[in-house]
Amino acid sequence: MRLTKLTLHGFKSFADHTEMLFEPGATMIVGPNGCGKSNVSDAVRWVLGEQRARMMRGAKMEEVIFQGSSARRAVNVAEVSLHFDNESGVLPVAFKEVVITRRLSRSGESDYFLNKVPCRLRDIHDLVRGTGLGAD
């Protein structure tokens, strides 16, 4: 099992659809202060089920949704997806690629998806149990 791609849309400083591809081998995320490196790690933690806003460096969970700037309007939905290569079958599902997605709207509605099929957070936790993955 290997993380192959991270997609973000409307999450914190990532207002636009953003894809990060992770090739085999060492992967690093580097950049100047304030460019969003910590937001990338927050996104991974969030999609895996983090429920505590303070762990996301905020007071309430809706703060993960892009708040807008002087040049951009705020968005109404944040969505993050983790794409895993499951050729080895480490994840107990019959898919060679597994995509875990979380979506949060300003209304407070939070949804989870496994390969684009709605699921519960518990289903995500059950899927990654024993792999070392999780919000922590």
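These numbers come from a predicted model, not from an experiment.

Peer 1: What's the story with the nonpolar core in this structure? I'm lost.
Peer 2: Taken as a class, soluble globular proteins show a tendency for nonpolar side chains to be buried jointly. Among the nonpolar cores identified, the biggest contains 33 residues, and Leu-6, Leu-8, Phe-11, Trp-46, Val-64, Val-80 and Ile-100 are the most heavily contacted of them. Elements with a contribution of two residues or more to this core: β1 (2–9), α1 (37–47), β3 (77–85), β4 (97–105), β5 (110–114) and α2 (121–128). If sequence neighbours within four positions are ignored, Val-80 has contacts with Leu-6, Thr-7, Leu-8, Phe-11, Ala-43, Trp-46, Val-47, Ile-100, Thr-101 and Arg-102.

Peer 1: Explain the environment of Thr-131 to me, please; I cannot follow it from the model alone.
Peer 2: One can find Thr-131 in the segment after α2. Owing to a relative accessible area of 23%, Thr-131 belongs among the partly exposed residues under this scheme. Note: C-alpha distance between Thr-131 and Leu-91 (40 residues apart in sequence) is 7.9 Å. Beyond its immediate stretch of four places on either side in the chain, Thr-131 contacts Met-1, Val-90 and Leu-91. Within the structure, the side chain of Thr-131 is placed 2.5 Å from the backbone oxygen of Val-128, a separation counted as a polar contact.

Peer 1: Looking at this structure, how should I read the environment of Val-98?
Peer 2: Relative to the helices and strands, Val-98 is located in strand β4. The exposure class of Val-98 is buried, given its relative accessible area of 1%. Considering only alpha carbons, one finds Val-98 and Glu-87, 11 residues apart in sequence, at a separation of 9.8 Å. Ignoring sequence-local partners within four residues, the contact set of Val-98 consists of Leu-82, His-83, Phe-84, Asn-86, Leu-91, Val-93, Leu-114, Asn-115 and Leu-127.

Peer 1: Hey, could you run me through the sheet that holds β5 in this one?
Peer 2: The strands that make up a sheet pair up through hydrogen bonds in the backbone, lying either parallel or antiparallel. Pairing within the open sheet is antiparallel, and its 6 strands lie in the order β2-β1-β3-β4-β5-β6. Every interior strand has two partners, whereas the edge strands, β2 (18–21) and β6 (117–119), have only one. Averaged over all neighbouring strand pairs, the angle between strand axes comes to 20°, with direction disregarded. Seen against the sheet, α1 touches β1, β2, β3, β4 and β5 and runs at an angle of roughly 85° to β3.

Peer 1: Whenever I open this one, the pairing of β1 confuses me. Can you help?
Peer 2: Successive residues of a regular strand alternate their side chains across the two faces of the sheet. With 7 bridges joining them, β1 and β3 adopt antiparallel strand pairing. When the bridges of β3 are listed, Lys-5 appears paired with His-83. As paired elements, β1 and β2 share 4 bridges and run antiparallel to each other. Bridge assignment links Leu-6 to a residue of β2, and that residue is Met-20.

Peer 1: It is not clear to me how the pairing of β3 should be interpreted in this structure. Could you clarify?
Peer 2: Sheet topology note: the β3/β4 ladder contains 9 bridges and is antiparallel. Along β4, the bridge assignment pairs Ser-81 with Thr-101.

Peer 1: Got a minute to help me understand unusual backbone geometry in this structure?
Peer 2: It is generally the case that most residues other than glycine have a negative phi and that most peptide bonds are trans. Not every positive phi belongs to a glycine, and Lys-12 is a case in point at roughly 50°. In this structure Lys-12 comes out as buried when scored by relative accessible area, which is 14%. The phi dihedral of Lys-116 falls on the positive side, at around 70°, and the residue is not glycine. Structurally, the position occupied by Lys-116 is in the loop between β5 and β6.

Conventions adopted
Residues numbered from 1 in each chain as written. Predicted model: local features only at pLDDT ≥ 70, side-chain atom pairs only at ≥ 80, totals over all residues. Heavy atoms only, no water. Core = buried A, V, L, I, M, F, W, Y, C linked by side-chain atoms within 4.5 Å. Buried < 20%, exposed > 50% of the residue type's maximum accessible area, 1.4 Å probe, protein only. Helix = DSSP H or I, 4+ residues; strand = E, 2+ residues; numbered from the N terminus. Contact = heavy atoms within 4.5 Å. Polar contact = N/O pair within 3.5 Å; in protein donor to acceptor, adjacent residues only side chain to side chain. Pairing = 2+ DSSP bridges. Axes fitted to C-alpha atoms, helices over the stretch in contact; angles between N-to-C directions.

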